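Chain by chain, the residues:
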Amino acid sequence: MMDWGIQNRLNRLIQKDGRALFLPVDHGYFQGPTRKLEKPGETIKPLIPYADAIMMTRGVLRNCVDPAIKKPVILRVSGGNSVVGEDLSNEGQITSITEMLRLNASAVSMSVYIGSKHEHQTLINFARLVDQCEDYGIPVMAVTAVGRELEKRTARYLALCSRIAAELGARVVKTYYCEEDFEKIVDGCPVPVVIAGGPKVDTELEVFEFVYDGLQKGAIGVNLGRNIWQHQYPVAMIRAIRGLIHENLTAKEAQQLFEQVKTGKA
């Protein structure tokens, strides 16, 4: 039987329909002031009502987010790397269990870099984080990171990463969408999967199509950031993606909702 505290926190994140829309704004932990995320508090303010949870580091949470926020927080607790450093996979745990509890995290997230120079380090760090967090009823979400090697985003590789993360104790896995055989990732992973992002696309419809396809193939939702807050119409994007996740819209219906919100008709 699952621990009551773990289940209670997961129930805040994953909604009654079994689906979830997580909004990550943690990119600055290794990218610095990312475009449209220079002032994260201002970026997320109009988007929070439509997200089921927001993901960020403790620094952004403490300095940019109103403590009266009613949405649950997924705290990013891995880091120690940067885009100008030698190797993105050289991460460690950057936040203590005391701090996670103090900040009332509903879950925490950590990256694992499978197939990288620092694979072993990130996996052992992840397993130790699970040990710490399970003692206090905090679920851990694994982020299957690929660093700069975007060509790794194949179903075979992502299925390997997702399964290993689940075997080490992840309660949720965040992984990339891939067009071919995405269902093999979900089928081989015994815990819920959320989509981190997909191929680089040029139109809103293509985003809606990969989200729709991923949901049809078993993902419970998304953990999408840049496709939402770097868009010219971020509120229209998040409302359309919310429609895909919680209202079972098709990609074309999501596109119609996007156009309605964009033009002020919805």
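The coordinates are above.
A brief structural summary. (Residues numbered from 1 in each chain as written. Predicted model: local features only at pLDDT ≥ 70, side-chain atom pairs only at ≥ 80, totals over all residues. Heavy atoms only, no water.)

## Brief notes about the nonpolar core
- With 77 residues, the main nonpolar core has Leu23, Met100, Val108, Phe182, Phe208 and Ile241 as its most contacted residues.
- Excluding its chain neighbours within four sequence positions, the residues that come into contact with Met100 are Leu75, Val77, Gln93, Thr95, Ala105, Val108, Leu129, Cys133 and Ile138.
- With 14 residues, the next largest nonpolar core counts Ile6, Ile14, Ala20 and Ala53 among its residues. (Core = buried A, V, L, I, M, F, W, Y, C linked by side-chain atoms within 4.5 Å. Buried < 20%, exposed > 50% of the residue type's maximum accessible area, 1.4 Å probe, protein only. Contact = heavy atoms within 4.5 Å.)

## Focus on the packing of helix α11 (residues 234-246) against helix α12 (residues 251-262)
- Contact pair α11 / α12: the axes reach a minimum separation of 8 Å and the direction vectors enclose 150°. When the axes of α11 and α12 are compared, the pair comes out roughly antiparallel. For the pair α11 and α12, the crossing hand works out as right-handed. On the side of α11, the interface is formed by Val235, Ala236, Met237, Arg239, Ala240 and Leu244, while α12 contributes Ala251, Ala254, Leu257, Phe258, Val261 and Lys262.
- Residue composition of the contact of α11 with α12, grouped by class: ten nonpolar, no polar and two charged. (Axes fitted to C-alpha atoms, helices over the stretch in contact; angles between N-to-C directions. Helix = DSSP H or I, 4+ residues; strand = E, 2+ residues; numbered from the N terminus. Parallel < 35°, antiparallel > 145°, perpendicular 65-115°, else oblique. Left-handed = near helix turned anticlockwise from the far one by under 90°. Nonpolar A, V, L, I, M, F, W, Y, C, P; charged D, E, K, R; others polar.)

## Focus on the state of the cysteines
- Applying the stated criterion across every chain yields a total of zero disulfides.
- In this structure Cys161 is a free cysteine whose sulfur lies 11 Å from that of Cys189, the closest cysteine sulfur available. (Disulfide = S-S within 2.5 Å.)

## So, the packing of helix α9 (residues 204-216) against α11
- Direction vectors running N to C along α9 and α11 enclose 25°, while the axes themselves pass 10 Å from each other. Between α9 and α11, the angle is such that the two are roughly parallel. With respect to the hand of their crossing, α9 and α11 are arranged in right-handed fashion. Across the interface between the two elements, Glu204, Val207, Phe208, Val211, Tyr212 and Leu215 of α9 pack against Met237, Ala240, Ile241, Leu244 and Ile245 of α11.
- A breakdown of the residues in the contact of α9 with α11 according to their chemical character gives ten nonpolar, no polar and one charged.

## Thoughts on the sheet that holds strand β3 (residues 73-76)
- Read around the barrel, eight strands follow the order β1-β2-β3-β6-β7-β8-β9-β10 and close on themselves; strand pairing throughout is parallel. When the angles between neighbouring strand axes are averaged without regard to direction, this sheet yields 30°.
- Sheet analysis places strand β8 (residues 172-175) next to strand β9 (residues 193-195), joined by three bridges and oriented parallel. Each bridged residue has a counterpart across the sheet, and for Lys174 the counterpart in β9 is Val194.
- Against the sheet, helix α1 (residues 4-13) makes contact with β1 (20-24), β2 (53-56), β3, β6 (107-112) and β8, and its axis sits at roughly 85° relative to β1, the strand it touches most.
- Packed on one face of the sheet, α9 meets β9 and β10 (221-223) and runs near 170° to β9. (Pairing = 2+ DSSP bridges.)

## Points about α11
- Compared with the 18 Å implied by 1.5 Å per residue over 13 residues, the 18 Å span of α11 between its first and last C-alpha is a close match.
- Turning to α11, its buried residues number three or more, namely Ala236, Met237, Ile238, Ala240, Ile241, Gly243, Leu244, Ile245 and His246.
- Close packing links the buried residues of α11 with β1, α9, β10, α10 (226-229) and α12.
- A positive phi of about 55° marks Asn248, the residue just after α11. (Expected span 1.5 Å × (residues − 1).)

## Examining the side chain of Ser89
- Note on placement: Ser89 falls in the loop between β4 (78-79) and β5 (92-93).
- Using a relative accessible area of 2% as the deciding quantity, one classes Ser89 as buried.
- One polar contact links Ser89 to Asp87, side chain to side chain, over a distance of 2.8 Å.
- Beyond its immediate stretch of four places on either side in the chain, Ser89 contacts Tyr113, Ser116, Lys117, His118, Gln121 and Thr122. (Polar contact = N/O pair within 3.5 Å; in protein donor to acceptor, adjacent residues only side chain to side chain.)

## Details of the pairing of β3
- Burial of β3 is two-sided: the residues Val73 and Leu75 facing one way and the residues Ile74 and Arg76 facing the other way are all buried.
- Where β2 meets β3, three bridges bridge the pair, whose relative direction is parallel. Bridge pairing in β3 links Ile54 to Val73.
- Following the backbone out of β2, through helix α4 (residues 58-64) and into the adjacent parallel β3, one traces a crossover that is right-handed. (Right-handed = clockwise from strand over helix to strand, strands pointing away.)

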